[in-house]
Amino acid sequence: MQPPAEMVHWLFATGFLLLGLFLVAEAIAGREAWEKRRWRVYLWPGLVFTLGVLMWPVMAFYTNSAIHMLAHSAWAQSLMAAGAAELGLASGKLHHPAWRALTFVGLLVSGTAFLVHEQNGWFFARSAFLHHLIGWTLVVASLVPLARVFRPRSPALQSAFALTFVAAAVMLYCDRDVAPVFGHISNLAGAPHR
Amino acid sequence: MESSVVTRIPAERARRSARAVAISALGPLTSAAGVAWAFVQPDRVTLLHPRGQGFWWLAIEPPLLLIAAGVAFWLVVARPLVADLEEP
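Since this is a predicted model, take the numbers as computed values, not measurements.

**Brief notes about the overall build of chain A**
So, point 1. Counting its secondary structure elements, chain A contains nine helices and zero strands.
So, point 2. In summary, chain A has a C-alpha radius of gyration of 17 Å against a globular reference of 16 Å for 194 residues, a match within 12%.
So, point 3. Its C-alpha atoms give chain A principal-axis dimensions of about 55 × 30 × 30 Å.
So, point 4. Classification of the 194 residues of chain A by burial places 43% in the buried group.
So, point 5. For chain A, long-range pairs separated by at least 24 residues make up 70% of all intrachain contacts whose partners lie at least 6 apart in sequence.

Rendered as structure tokens:
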């Protein structure tokens, strides 16, 4: 009764989209208005932590290979660590801005996990293409949270950070288990379904 | 004779209301993207042809997820945030 892998990607896409929307709203409203209600401060760090927790069932149930298991578990841990650090900063229990570097680590590990567990080339099938694209996008975009360590109140960085998640969500929604990409699909990929 | 019918809205208030409009638009725009996707690729909405489909194919449909995310964001985040922005 396990959902197909593509559906897991779509569910995580929805999580990433909500994350992006929260961050866009925070960037537009400004820190002062966003923090007027206490629960809002915990919203996106809590979602990052939850996405990390939800990566564990993915690690346990979608073990196609050892590299998949390692990538998913590293990913789960780094997302949980990033979410926990941001929750600590939001609650005031952590103070040093260097804790934000864990979000950089989380994004970098997420991007690397996408790249490492995709063993086929770019044009093998659509899922392979998107895994490479998302992986490199997250690796490059991880520089944004790194810059936020030094300039946490920059609206430009906050917007770039938000749009990273929206872009990742769009790419994850495009994922299919077996489908062509720009007319290319390997004979080894299997028959495309609906 | 001089009349001052038009009053100037303070710049800060105008900026705040522009922000409120932008935040209010985020949820509906997201849901509208889901609706547009459903029209462009109706085969992605399995509920339109449910015969022989299992639970997951009926429950997890990307255009519907997009619509749901937009509605949830609008109800839970955007409305209270806009109310806070419009508070004097």
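Further notes follow.
**Description of the packing of helix α7 (residues 126-141) of chain A against helix α9 (residues 155-173) of chain A**
Residue and element names in this part refer to chain A.
So, point 1. As a packed pair, α7 and α9 sit with axes 10 Å apart at the nearest point and diverge in direction by 175°. It follows that α7 is roughly antiparallel to α9 by the angle criterion. Counting all contacts with α7, which are made through Leu-130, Leu-133, Ile-134, Thr-137, Leu-138 and Ala-141, the residues of α9 involved are Thr-164, Ala-167, Ala-168, Met-171 and Leu-172.
So, point 2. For the contact of α7 with α9, the per-class residue count stands at nine nonpolar, two polar and no charged.

**As for the interface of chain B and chain A**
So, point 1. Listed by partner, the interface residues are 18 residues for chain B and 19 residues for chain A.
So, point 2. Only α1 (11-40) and α3 (62-86) of chain B provide two or more residues apiece to the side of chain B that touches chain A.
So, point 3. Ranked by residue count, the leading element in the side of chain B that touches chain A is α3 of chain B, at 10 residues.
So, point 4. Partitioning the side of chain B that touches chain A into residue classes produces 14 nonpolar, one polar and three charged.

**Some remarks on the confidence of the model for chain B**
So, point 1. Within chain B, residue pLDDT values average 86, and 86% of them lie at 70 or more.
So, point 2. For chain B, helix α2 (residues 55-59) of chain B is the element with the lowest average pLDDT, namely 86, and α3 of chain B is the one with the highest, namely 94.

What counts and how
Residues numbered from 1 in each chain as written. Chains lettered and ligands numbered in written order. Predicted model: local features only at pLDDT ≥ 70, side-chain atom pairs only at ≥ 80, totals over all residues. Helix = DSSP H or I, 4+ residues; strand = E, 2+ residues; numbered from the N terminus. Rg over C-alpha atoms; globule rule 2.2 N^0.38 Å. Buried ≥ 20, exposed ≤ 12 C-beta atoms within 10 Å, placed from the backbone. Contact = placed C-beta atoms within 7 Å. Axes fitted to C-alpha atoms, helices over the stretch in contact; angles between N-to-C directions. Parallel < 35°, antiparallel > 145°, perpendicular 65-115°, else oblique. Nonpolar A, V, L, I, M, F, W, Y, C, P; charged D, E, K, R; others polar. pLDDT = per-residue confidence, 0-100.

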